[in-house]
Amino acid sequence: MTDTADRTTTNDVVADVKDWLADNWDPDLTVADWWERLGTSGWAVPTWPSAWFGRDLSRSDGVRVQQAIADFGALPAPGGLGLMLAGPTIAFHGTDEQRERYLRDIVTGQKAWCQLFSEPNAGSDLAGLQTKAVKDGEEWIVNGQKVWTSGGQVADLAMLIARTDPDQPKHAGITYFVIDMHQPGVDVRPLREMTGRALFNEVFLSDARVRDDSAIGGLNNGWRVANTTLMFERSSLGAGGGSAAASLASPGTVAGDLPRRAGDFVASGGRRGGGGGTLFGASAKGLIQLAKGNGKASEPALRQKLVELHTIGELARFNNLRLKAAMAAGKDIPGLPNIAKLSMSQTVRLSRDLGLEIAGGYGMLHAYSPEDREALDDATGMPFLSGITEMALFAQGPPIYGGTDQVQRNIIGERVLGLPKEPGFDKNMPFKDLPKNG
Ligand SMILES: Cc1cc2nc3c(=O)[nH]c(=O)nc-3n(C[C@H](O)[C@H](O)[C@H](O)COP(=O)(O)OP(=O)(O)OC[C@H]3O[C@@H](n4cnc5c(N)ncnc54)[C@H](O)[C@@H]3O)c2cc1C
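Remember, it's a predicted structure, so these values are computed and weren't measured experimentally.

Novice: I'm lost on the site of the ligand in this one. Help?
Specialist: Around the ligand sit 16 residues, and of these Ser118, Ser124, Trp148, Thr404 and Gln406 come closest. One of the side-chain nitrogen or oxygen atoms of Thr404 is found 2.7 Å away from an oxygen atom of the ligand. In isolation the ligand offers 980 Å² of accessible surface; the protein chains occlude 68% of this area.

Okay, here's the thing in structure tokens:
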């Protein structure tokens, strides 16, 4: 009875979004106009509350809506950290006035966001951050350095955590702000990775300014708010989201996609094609096809690893379904987002090893430009080679970002299994009295 009722609802939802797309999708619209239409209709983030650009749908129906939009051939909702992290965090902790101010531009992709959390001496130990904000009338003046800031070079706004009270213990005196990236006090310097890309940046904050009313979740409550963002990050990464799963058109005023024709990003597969894509996040199916095509599918050791990859993928899928079912029933399974993130790391590492094994000696060759990639693919006769090598070079990133594997294990050990906490003298001492590196 319940199954039938659920199926009916689900079918209605898919039928509804298809009807809406039939009436509204127009490939000749600009990306900005299309995302405006999609975002204000509630179909960009259907799992959000209907009062705030959503449709109150369950997570599984939300996934079906995304699939229906892709199947229809329309441009999906904007990707990036705005929709993935900033939006849900502000929806949860923000005031109505802050929701009014920020959420619309997030769901319509008009503004791009980055996350100014990590610092040179504060990554795993994020609460040790030293960037400080000092009150100045209706504003705060911010000084410090952030690092590994993904997408900082194209961001309009950022989620910033800064120390607002050094007299309090380190977890207590932190505030979570929204900061405008377009101001003289913000200097963004790209960091080139071994993939050849510059995904992330250093960001220097020198007398940068934030509005007092942009503090999300209240003064000195930033640790709690940041943990909400990190929770969304871990569950999203574990479910296959993240930088590698970004939409083909980029949100925000800097990337330059908003005035372009929406249909061009759908028909051409987007401007990031051209052999540059990675196989990161590929299911075992993709690698099985590669092994078959490369005559390696009959090697027993390789087959065993392919089955292992498939098994890990299925376990992750079942765990995801368990979590969804628990959440739909108003419950939670503590630690599952951390387990999902660990499982993603394992999948990435195994995919890297399998890809290189399938490519054989050619896996040592990597091209950095689209032209060189094409030449390499021609010379080796392996059109998928650049996807494998790019994945292999990038594979070190996912087990680090969103909290390293070791940190996930610490959280599971301490908060889920109840194991003793690491010894720490720094929890109650005022931050200003703690010994500092450098
Ligand atoms: C591709 C990529 C994108 C990123 N994007 C962003 C971004 O947009 N915004 C942002 O703010 N940050 C970003 N980061 C930074 C990321 O969150 C940090 O790199 C991460 O939290 C680890 O911090 P760290 O690099 O300072 O390493 P450290 O914290 O110095 O850790 C070094 C090593 O020590 C281990 N370690 C540390 N503490 C413990 C402990 N208590 N127990 C056991 N082992 C421990 C770690 O697991 C790691 O192996 C990104 C990182 C990557 C790789």
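Novice: Please explain the confidence of the model for the protein as it appears in this structure.
Specialist: For residues with low pLDDT, the predicted coordinates do not support detailed interpretation. When pLDDT is averaged along the protein, the result is 89, and 91% of the positions lie at 70 or above. In the predicted structure, residues 1-8 sits below a pLDDT of 50 and forms zero contacts with residues beyond four places in sequence or in another chain. Below a pLDDT of 50 lies the segment residues 268-280, which in the model reaches 35 contacts outside its immediate sequence neighbourhood of four places, other chains included.

Novice: Can you help me understand the pairing of strand S1 (residues 113-116) in this one?
Specialist: Where a strand is regular, its side chains alternate between the two sheet faces. The two faces of S1 match: Trp113 and Gln115 on one face and Cys114 and Leu116 on the other face are all buried. Examined bridge by bridge, S1 and strand S4 (residues 157-163) share four bridges and lie parallel to one another. Its bridge partner lying in S4, Gln115 is registered against Met159.

Novice: Could you clarify how one ought to interpret the pattern of salt bridges in this entry?
Specialist: Here the idea is simple: oppositely charged side chains can pair when their charged atoms come close. Using the criterion set out here, one finds 25 salt bridges in the structure. Of the charged contacts, one joins Arg99 and Asp96 as a salt bridge, the two residues approaching to 2.6 Å between their closest N and O atoms. Taken together, the residues span about one helical turn, with Arg99 and Asp96 both in helix H5 (residues 96-107) at a distance of three residues. Since its relative accessible area comes to 15%, Arg99 is described here as buried. The partly exposed category is assigned to Asp96, whose relative accessible area is 46%. Between Lys170 and Asp426 there is a salt bridge, and its shortest N-O distance comes to 2.6 Å.

Thresholds applied
Residues numbered from 1 in each chain as written. Predicted model: local features only at pLDDT ≥ 70, side-chain atom pairs only at ≥ 80, totals over all residues. Heavy atoms only, no water. Near = heavy atom within 4 Å. Polar contact = N/O pair within 3.5 Å; in protein donor to acceptor, adjacent residues only side chain to side chain. Areas by Shrake-Rupley, 256 points an atom, 1.4 Å probe, with all protein chains shown as cover. pLDDT = per-residue confidence, 0-100. Contact = heavy atoms within 4.5 Å. Buried < 20%, exposed > 50% of the residue type's maximum accessible area, 1.4 Å probe, protein only. Helix = DSSP H or I, 4+ residues; strand = E, 2+ residues; numbered from the N terminus. Pairing = 2+ DSSP bridges. Salt bridge = Lys/Arg side-chain N within 4 Å of Asp/Glu carboxyl O.

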